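# Tertiary structure, described
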Amino acid sequence: MRHGVMTVAKPDAAKRPGRKRRGTGDANWAGYLFISPWLLGFFLLTLWPIAQSFYLSFTEYSLLDQPKWIGTDNFAKIFGNDPLFAKSLGVTFMFVLVSVPLKLLFSLLVAMALNQSLRGMDIYRTAIYFPSLIGGSIAVAALWRNMFGLDGYVNQVLAWFGIQGVGWISNPDTALGTLILLNTWQFGSTMVIFLAGLKQIPQELYESAAVDGARPLRKFLHITLPMLSPVMFFNLVLGIIGSFQMFTSAFIITKGGPVNSTYMYALFLYEKAFKHYQMGYASALAWILLVIVAALTAINFFVSRYWVFYESDGGKAK
């Protein structure tokens, strides 16, 4: 009210209901235009092959003939009449159960060692991480095969101490262990993630624990592990998924032998697809692997509520 006269404020035109701001549609189309290369790649190179694979899993297809619909016969043969399926799955589960915890433990120990405030630590971190850039390559797998061969470097070192070496790769009892050791050695990415998590832990927590007389082991168990549990969970999920897809090492180093002791599931799938040209059968194997990995991931997410602690939840597990 001004000088006895009541004035009514006019509503803001931009806030009137039903009125569209000029240029919003153009901005949206501009955004879609910029991400169109990614969308095109996603639909053509990811989503469409996934749909094709699902269809082919119910067909008999050899790349030379047209796919022939056979329903669930591929899955029935896999579960009922293929001993190599059970063998490859058992070898892969053993590989995952042993290699993933070892890799996580070793990566954590190295990350804690590199988390110290020492002169030249950046150089040490770079030197330790650098081999991981080529850790999964064919060249490293070939080098690993030569190292653990009967006349390899490992047996030469053992001979210096009067120990008779064995054919680590040609022995069914030790062949899988060499692949587990190689997977553990490829710890660089996991270590970097652990190191980033360690950097996020407030130092005040360790200082308060030191004032209370806590020793290093108690600090590790009651501060480091709980605060690092989300990072451990992340590395665990990625480690399981990556281990189930392990192919290069088994193919280059052992080719699944000896006596199928290193016959990984991914190698079994590869041979069915590109050695026997049973593309429909291989597609069914791929979808079984997807279901297994998805089920294990879901179980991990369910169990994580009992051991993973988040700062947003007041330091309590969900």
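Values in this document were obtained by computation on a predicted structure and should not be read as measured data. (Residues numbered from 1 in each chain as written. Predicted model: local features only at pLDDT ≥ 70, side-chain atom pairs only at ≥ 80, totals over all residues. Heavy atoms only, no water.)

All right, on to the overall build of the protein then. For the protein, the count of helices and strands is 13 helices and four strands. Scored against the burial criterion, the 318 residues of the protein give a buried share of 35%. Long-range pairs, those at least 24 residues apart, make up 64% of the contacts in the protein with a sequence separation of at least 6. Total accessible area on the protein is roughly 20600 Å²; 66% of this is exposed by carbon and sulfur atoms. (Helix = DSSP H or I, 4+ residues; strand = E, 2+ residues; numbered from the N terminus. Buried < 20%, exposed > 50% of the residue type's maximum accessible area, 1.4 Å probe, protein only. Contact = heavy atoms within 4.5 Å. Areas by Shrake-Rupley, 256 points an atom, 1.4 Å probe, with all protein chains shown as cover.)

Counting residues in each nonpolar core, the largest one holds 56 residues, and the members touching the most others are Phe85 and Met264. Per-element tally for this core: the top contributor is helix α3 (residues 83-114), with 11 residues. Residues contacting Met264, with those up to four places away along its chain left out, are Ser88, Val91, Thr92, Phe95, Leu176, Leu179, Met246 and Ala250. Core analysis: the second largest hydrophobic core is formed by five residues, Leu56, Tyr61, Met279 and Ala282 among them. (Core = buried A, V, L, I, M, F, W, Y, C linked by side-chain atoms within 4.5 Å.)

On to the packing of aromatic side chains. On inspection of all chains with the given rule, the structure shows 23 aromatic pairs. With centroids separated by 6.0 Å and ring planes inclined at 70 degrees, the aromatic side chains of Phe85 and Tyr265 adopt a geometry described as edge-to-face. You can see Phe85 sitting in helix α3 and its partner Tyr265 sitting in helix α12 (residues 265-274), a full 180 residues away along the chain. Connected via pairs of aromatic rings, a cluster forms that spans Phe54, Tyr55, Phe58, Trp69, Phe75 and Trp287. The aromatic ring of Phe251 is capped on one face by Lys255, whose charged end is 4.7 Å from the ring centroid. (Phe/Tyr/Trp six-rings, centres within 6.5 Å; stacked < 30°, edge-to-face > 60°. Lys NZ or Arg CZ within 6 Å of the ring centre and 35° of its normal.)

Attention now goes to the side chain of Asn300. Examined against the element boundaries, Asn300 turns out to sit in helix α13 (residues 279-303). According to the relative accessible area criterion, Asn300 is buried, its value standing at 16%.

Taken together, the side chains of Leu40, Phe43, Leu44, Leu45 and Leu47 define a hydrophobic patch exposed on the protein surface, amounting to about 530 Å² of accessible area. Along the chain, the position of Leu47 falls in helix α1 (residues 24-56). (Patch = residues over 30% accessible without salt bridge, like charges linked within 9 Å, V, L, I, M, F, W, Y side chains within 5 Å. Salt bridge = Lys/Arg side-chain N within 4 Å of Asp/Glu carboxyl O.)

Our focus in this paragraph is the confidence of the model for the protein. Scored by pLDDT, the protein comes out at a mean of 87, with 88% of its residues at no less than 70. α13 holds the highest mean pLDDT among the elements of the protein, 96, whereas strand β4 (residues 316-317) holds the lowest, 58. (pLDDT = per-residue confidence, 0-100.)

This part is about the side chain of Arg125. Structurally, Arg125 can be placed in helix α4 (residues 121-129). Side-chain polar atoms of Arg125 contact the backbone oxygen of Leu114, separated by 2.8 Å. Setting aside anything within four residues of it in sequence, one finds Arg125 in contact with Leu114, Asn115, Gln116, Leu195 and Lys199. (Polar contact = N/O pair within 3.5 Å; in protein donor to acceptor, adjacent residues only side chain to side chain.)

The subject of this paragraph is helix α8 (residues 188-199). Since there are 3.6 residues in each turn of an α-helix, residues three or four apart along the chain are aligned in direction. Taking 1.5 Å of rise per residue, the 12 residues of α8 would be expected to cover 16 Å, and the 17 Å separating its terminal C-alpha atoms lies within 8% of that figure. Considered for burial, the residues of α8 that qualify are Gly188, Thr190, Met191, Phe194, Leu195, Gly197 and Leu198. As for α8, its buried residues are in contact with α3, α4 and α10 (216-244). (Expected span 1.5 Å × (residues − 1).)

The linkage connecting Gly257 with the following residue, Pro258, adopts the cis geometry, with an omega of -5 degrees. Note that Pro258 resides in the loop between α11 (248-254) and α12. Not every positive phi belongs to a glycine, and Val259 is a case in point at roughly 55 degrees. Relative to the helices and strands, Val259 resides in the loop between α11 and α12.

Time to look at the environment of Ala266. As for its placement among the helices and strands, Ala266 is situated in helix α12. Separated by 22 residues in sequence, Ala266 and Phe244 place their C-alpha atoms 7.4 Å apart. The contact partners of Ala266, leaving out residues within four places of it in the chain, are Phe244, Gln245, Met246 and Phe247.

With that settled, the discussion passes to the packing of α3 against helix α7 (residues 175-185). Between α3 and α7, the shortest axis-to-axis distance is 9 Å and the interhelical angle comes to 35 degrees. Helix-helix and strand crossings are classified by hand; for α3 and α7 the assignment is right-handed. Contacts between α3 and α7 involve Val91, Met94, Phe95, Val98, Ser99, Leu102, Lys103 and Phe106 from the first element and Leu176, Leu179, Ile180, Asn183 and Thr184 from the second. (Axes fitted to C-alpha atoms, helices over the stretch in contact; angles between N-to-C directions. Left-handed = near helix turned anticlockwise from the far one by under 90°.)

It is worth spelling out helix α2 (residues 73-80) at this point. Turning to α2, its buried residues number three or more, namely Asn74, Phe75 and Ile78. The arc that holds the buried residues of α2, viewed along the axis, is 95 degrees, so those residues lie on one side. (Arc of directions from axis to C-beta.)

Okay, the pattern of salt bridges next. Following the criterion strictly, the structure yields one salt bridge and no others. Put simply, Arg125 and Asp122 hold a salt bridge, and the shortest N to O gap is 3.4 Å. Of the two residues, Arg125 and Asp122 both sit in helix α4, three residues apart, roughly one turn of that helix. Using a relative accessible area of 56% as the deciding quantity, one classes Asp122 as exposed.

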